[in-house]
Amino acid sequence: MKEKLVETLVNHYRTSGCDRYGQLNTISARQIAKTDEEMEVLKEIVQVALVGYQYGTYEGIFPWGSFKDSNVEQMCKEAFAQNSSRNNGNHW
């Protein structure tokens, strides 16, 4: 189960859309972990926080700095480097 969650998380970093500065938004933990069992395993990999916004709250993962497993963090960094939407121009 852990391998499937890591694969889903890495795929999210590789394919998710970025803003015009090439940054990822907070990731909904339920996009990665669909069941409560998967959520418990996900919490062993990354820190899951309660995030609030204008429509309510949800369990989210901050894209950077929330990893508990350094190997998974490295895999996500490498996947994000391959993300084509992050190279959409420098707007700084």
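Residues numbered from 1 in each chain as written. Predicted model: local features only at pLDDT ≥ 70, side-chain atom pairs only at ≥ 80, totals over all residues. Heavy atoms only, no water.

Asker: Explain the packing of aromatic side chains to me, please; I cannot follow it from the model alone.
Answerer: Counting across every chain of the model gives 3 aromatic pairs. Taken together, a centroid distance of 5.4 Å and an interplanar angle of 65° make the contact between Trp64 and Phe80 edge-to-face. Taken as a pair, Trp64 in the loop between strand S3 (56-61) and helix H4 (70-81) and Phe80 in helix H4 lie far apart in primary sequence, 16 residues in all. The exposure class assigned to Trp64 is partly exposed, which follows from its relative accessible area of 37%. According to the relative accessible area criterion, Phe80 is buried, its value standing at 9%. Three or more aromatic residues joined by ring pairs make a cluster, and in this case those are Tyr13, Trp64, Phe67 and Phe80. (Phe/Tyr/Trp six-rings, centres within 6.5 Å; stacked < 30°, edge-to-face > 60°. Helix = DSSP H or I, 4+ residues; strand = E, 2+ residues; numbered from the N terminus. Buried < 20%, exposed > 50% of the residue type's maximum accessible area, 1.4 Å probe, protein only.)

Asker: Where do I start with the packing of helix H1 (residues 2-15) against H4 in this structure?
Answerer: Helix packing geometry: the angle between the two helix axes and the distance between the axes. Two elements in contact, H1 and H4, have axes separated by 7 Å at closest approach and are oriented at 30°. Relative to H4, H1 is oriented roughly parallel. The interaxial crossing formed by H1 with H4 has right-handed handedness. Side by side, H1 and H4 meet where Val6, Leu9, Val10, Tyr13 and Arg14 of the first sit next to Val72, Met75, Cys76, Ala79 and Phe80 of the second. Grouping the constituent residues of the contact of H1 with H4 by class yields 9 nonpolar, no polar and 1 charged. (Axes fitted to C-alpha atoms, helices over the stretch in contact; angles between N-to-C directions. Parallel < 35°, antiparallel > 145°, perpendicular 65-115°, else oblique. Left-handed = near helix turned anticlockwise from the far one by under 90°. Contact = heavy atoms within 4.5 Å. Nonpolar A, V, L, I, M, F, W, Y, C, P; charged D, E, K, R; others polar.)

Asker: What should I look at first to understand the pairing of S3 in this one?
Answerer: Along a regular strand, successive side chains alternate from one face of the sheet to the other. Sheet topology note: the strand S1 (residues 27-28)/S3 ladder contains 2 bridges and is antiparallel. In the strand pairing of S3, Ser28 is matched with Gly60. Summarising the sheet, strand S2 (residues 49-53) and S3 pair through 5 bridges and their orientation is antiparallel. Of the residues in S3, the one forming a bridge with Ala49 is Gly60. Where S2 hands over to S3, the hairpin turn is made up of 2 residues, counted between the paired strands. (Pairing = 2+ DSSP bridges.)

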